[in-house]
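So the chains spell out like this:
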Amino acid sequence: MATAVETMTVQAPDPIAVPGPLARALVERDQAVFAPCAGRAYPFVIERGEGCYVWDVDGNRYLDLNAGIAVVAAGHSHPAIVSAIQDQATRFTHMAGTDFYNEPMIRLCEKIESLMPRTGLGQTTGRDWQVFLCNSGTEAVEGAIKMARYVTGRQGIIAFFGAFHGRSYGSLSLTAGSSKQRHGYYPLVPGTYHSFFANPYRRPFDVAPEQVTEACLGYLEQTLLRTIVGPQDVAAIIVEPIQGEAGYVVPAPGFISGLREICDRHGILLIADEVQSGVGRTGKMWAFEHEGIIPDIVASAKGLGGGMPVGAVIGQTPLMQRWIAGTHGNTYGGNGVVSAAAYETLALVEQELTANAAEVGAYLQSGLADLQRHYDCIGDVRGRGLMIGVEFQSVPGTSLDGAAMAQQIMDAAFKRGGLLLMAGTSTIRFCPPLTLTRAQADEALAIFRAAIDDVLAA
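Residues numbered from 1 in each chain as written. Predicted model: local features only at pLDDT ≥ 70, side-chain atom pairs only at ≥ 80, totals over all residues. Heavy atoms only, no water.

## Quick notes on a nonpolar patch on the surface
No. 1: Judged by side-chain polarity, Phe92, Met95 and Phe100 come together as a nonpolar surface patch covering roughly 270 Å² of accessible area.
No. 2: If you trace the backbone, Phe92 turns up in the loop between α3 (79-91) and α4 (103-114).
No. 3: Owing to a relative accessible area of 30%, Phe92 belongs among the partly exposed residues under this scheme. (Patch = residues over 30% accessible without salt bridge, like charges linked within 9 Å, V, L, I, M, F, W, Y side chains within 5 Å. Areas by Shrake-Rupley, 256 points an atom, 1.4 Å probe, with all protein chains shown as cover. Salt bridge = Lys/Arg side-chain N within 4 Å of Asp/Glu carboxyl O. Helix = DSSP H or I, 4+ residues; strand = E, 2+ residues; numbered from the N terminus. Buried < 20%, exposed > 50% of the residue type's maximum accessible area, 1.4 Å probe, protein only.)

## As for the pairing of strand β11 (residues 378-384)
No. 1: Where burial is concerned, most of β11 is hidden: 6 out of the 7 residues are buried.
No. 2: Here β11 pairs with strand β12 (residues 387-392) via 6 bridges, running antiparallel. Residue Arg384 lies in a different strand from β12, and its bridge partner there is Met387.
No. 3: Linking β11 to β12, which pair antiparallel, is a turn of 2 residues; within it Gly385 sits at a positive phi near 60°. (Pairing = 2+ DSSP bridges.)

## A few points about unusual backbone geometry
If a residue is not glycine, its phi is most likely negative; likewise, a peptide bond is most likely trans.
No. 1: A cis amide bond links Val18 to the next residue, Pro19, at an omega of 0°.
No. 2: Backbone torsion omega between Tyr186 and Pro187 reads 0°, so that peptide bond is classified as cis.
No. 3: Along the chain, the position of Pro187 falls in the loop between α7 (179-182) and β6 (192-195).
No. 4: Of note, the phi angle at Ala67 is positive, near 50°, even though the residue is not glycine.
No. 5: Residue position: Ala67 is located in helix α2 (residues 67-70).
No. 6: On the basis of relative accessibility, which here comes to 0%, the residue Ala67 falls in the buried class.
No. 7: Even without being glycine, Tyr248 reaches a positive phi, approximately 55°.
No. 8: Assignment of secondary structure puts Tyr248 in the loop between β7 (234-239) and α9 (255-266).

## A look at the sheet that holds strand β15 (residues 427-430)
No. 1: Spatially, β11-β12-β15-β14 is the arrangement adopted by the 4 strands of the open sheet, whose pairing is antiparallel. Only two strands of the sheet have a single neighbouring strand rather than two, namely β11 and β14 (421-423). Pairwise comparison of adjacent strand axes, ignoring direction, gives a mean angle of 30° for this sheet.
No. 2: Across the sheet, helix α11 (residues 336-374) is in contact with β11, β12 and β15; its angle to β11 comes to roughly 170°.
No. 3: Taken strand by strand, helix α13 (residues 438-457) contacts β11, β12 and β15, and its axis lies near 15° from that of β12. (Axes fitted to C-alpha atoms, helices over the stretch in contact; angles between N-to-C directions. Contact = heavy atoms within 4.5 Å.)

Okay, here's the thing in C-alpha cells:
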C-alpha cells in the first residue's frame, strides 16, 4: 500500500489564469439574467464532465472534489446512467406519479426499500419501509416533518445548531448555520426548536472532549424538553448523522444513539437527514449505520439521482400507512427519466461504490491527516468515507484567520485545477464522486498542498 507521504511526490498542475475569455463572457451573461440570491463560489463554467474530471468552456481540466455538492455519486456522465436516461426518454419522460403509476418509479422505490435496514414491522405490505419521491433535499425534509406532525398529532420539531436542512420555509426554520440564510424571511414556521450538536472539535460547552455527548444530550432532555417544549408536544427530532454545511462534523460517540434513546423514551420520531451523507458517501449506504441505530424517517436526495433532481422521504411502513391519500403530493416526484437514473445510480453504489468510498476515503483522510501534521494552519481533519472536512485555524505570524485561509486555499486550488468548496466557517470539504481512485486521491492531495503553500507564501 502506498503511504500518504509518498503521495507528496505527485506534482500539482501549475497555476493558470482563470476564468478564461469564454468563461468570463458566460459569467457576464449569467449575471444579466440569473437571480443574484444564490451566489457562486468562483467562476468555473463547466463544458463537460467524465468520471472525476470536468472541463471548463476554455478547455481547462479540473479534478472535481465536490461532485456538485455530493450529487454525482457515480461520477460525471457514467455510461450506465446515461444509457438509462436515454432509453427511458424514448419511452416516456413524465406521467405524474402522485396521480398515476409507472414502473420506473415503482422499481426505484423497491430498490430504495431493499437498501434500508430490516425492522420486521412491514406486515401490511410485506415491506419494512415505504417511499415518497420528490424533487430535492429540502422537499424531502418538508415531507418528513409534515409526515411526522401528521402521524403523531404533535407539532414540535427539534433540530440542532449548525444544521442545514434546506431553504424552503419548513426546512429553513430548522436550518441554523448562518443568520444570513434566515434574514428577511421571518416569521418562520412555529413549533421549531434547536439544541446543541455534539461537535467534538468546537464543543458547545466547556467540557472535556469525552464529555461533550453527555453535555449535549443533558441540555436537550433536562433543559429544552423541560423548560421550553414538553416532550408530549414534540413530533420529531431531525438530525444529520454528519452535519454537512456546518463543516462535515462527525458527532461525538454516543450522541446519535442517545437521541434514539430519548426519542424512544418520549414517543418522539427520529428523522435522519441523509441528503448529503447518504447513498454510500460515508462508506456505508446510510451514515446512520455507523451509529448502530435505525431512524423512523429518512430524508434522501443529492447522490440519490446521480445528477438528476430527486429526493425521497423514506419511512417505516407502520408510520407511512397512517399518512393517508391526499395529505401530501407533488407533480414531478416519480418522473420516469429521473427514476431510471436513480435506480442505476443505486445499483452502482450498492455493487461497488460504497466499498470504494470506504477504502479510498480512508486513504485520502490519512493523507490529509499527514498534511495536518505538516501545517499548523490545519486545525482538524475529520470525516467518514468520501465525506471529509479539513478545518483551518489562524496561525501566529500570519494575518489570516481560519475562515479567510480556507477561502483563499479554495481559490488557489481552483487555479491549480482542483474544484473544492467550503463548509461551515473555516472548513474545506472533500466530497468527490464515489468513483475516486487512489491515484486521483494522490492528485487531490498534491493540489491541496500546493494551494496551501500558495496562500502561506503570499
